[in-house]
Amino acid sequence: MATPGLNDLVGRTFMSADSITVSQESITAFALAIGEPNFEVAPPTYAITITLDKSQELLQNSGLDWTRVVHGDQKFEIQRPIVAGDVLACSSTIESARMVAGNEIVTVRSDLHQGDELVASSWSTLVVRA
C-alpha cells in the first residue's frame, strides 16, 4: 500500500533549518575509510554524510515507514569539491514516488548549497518494502 499522502509531496522541497560546517577531520576520516589518499578535498561521495542525515530529518514527517526502507540506488553530481570550512545547507526534494511489485519506490534529490552556490546534488532511491 502506498504511503498516505506521499504522492502529494512529489515535487515539494524541504529546507534544513541549520547548516553544517565541514571540518578537515571529517574529510580525513571519510577519505581514510574509503582508501582515498587525498585529504585536500572531500571525496565526491562525502556529500552523503550530510545529505543522508538531513534528508531523513527533513522527510521524517512524510509518512514513510523508515523501519521498512532500504537503500536502492545513489548517484551524485558535484559542481565543485567540498572543502574544509564550507558551511553547507541541505534541501531535499521528493522527485518521484511509484509502486513496483508491491513496493514503494521513492526518489529524493538532496542539494547542498553554500549561500546561493549549488555545491553538490545527490539522488537517493529508497525502497519501502511491502
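Computed from a predicted model, the values in this text were never measured in an experiment. (Residues numbered from 1 in each chain as written. Predicted model: local features only at pLDDT ≥ 70, side-chain atom pairs only at ≥ 80, totals over all residues. Heavy atoms only, no water.)

Colleague: Outline unusual backbone geometry, supporting the account with residue identities and numerical values.
Modeller: Located in the positive-phi region is Ala101, a residue other than glycine, with phi close to 50 degrees. Following the sequence through the fold, Ala101 ends up in the loop between β3 (87–100) and β4 (103–114). Overall, Ala101 belongs to the exposed group, its relative accessible area being 79%. (Helix = DSSP H or I, 4+ residues; strand = E, 2+ residues; numbered from the N terminus. Buried < 20%, exposed > 50% of the residue type's maximum accessible area, 1.4 Å probe, protein only.)

Colleague: Lay out the packing of aromatic side chains in plain terms, naming residues and giving numbers.
Modeller: Under the criterion given, the structure shown has 1 aromatic pair. Plain terms: the ring middles of Phe30 and Tyr46 are 5.7 Å apart, the flat faces sit at 90 degrees to each other, and that makes the pair edge-to-face. Remark: Tyr46 occurs in the loop between α2 (24–34) and α3 (48–59) and Phe30 occurs in helix α2; sequence separation between them is 16 residues. Residue Phe30 is classed as buried on the basis of its relative accessible area of 17%. If you follow Lys75 out to its NZ or CZ, it ends over the ring of Trp123, 4.9 Å from the centre. (Phe/Tyr/Trp six-rings, centres within 6.5 Å; stacked < 30°, edge-to-face > 60°. Lys NZ or Arg CZ within 6 Å of the ring centre and 35° of its normal.)

Colleague: Explain the sheet that holds β4 residue by residue, including any values.
Modeller: Strand pairing in a sheet is mediated by backbone hydrogen bonds. Such pairs are either parallel or antiparallel. Read across the sheet, 5 strands follow the order β1-β3-β4-β5-β2 without closing on themselves; strand pairing throughout is antiparallel. Two strands bound the open sheet, and with one partner strand each, they are β1 (13–21) and β2 (69–78). Direction aside, neighbouring strands of the sheet carry axes that sit 20 degrees apart on average. Pairing of β3 with β4 involves 11 bridges; the strand directions are antiparallel. From the neighbouring strand, Ile94 faces β4, where its bridge partner is Val108. (Pairing = 2+ DSSP bridges. Axes fitted to C-alpha atoms, helices over the stretch in contact; angles between N-to-C directions.)

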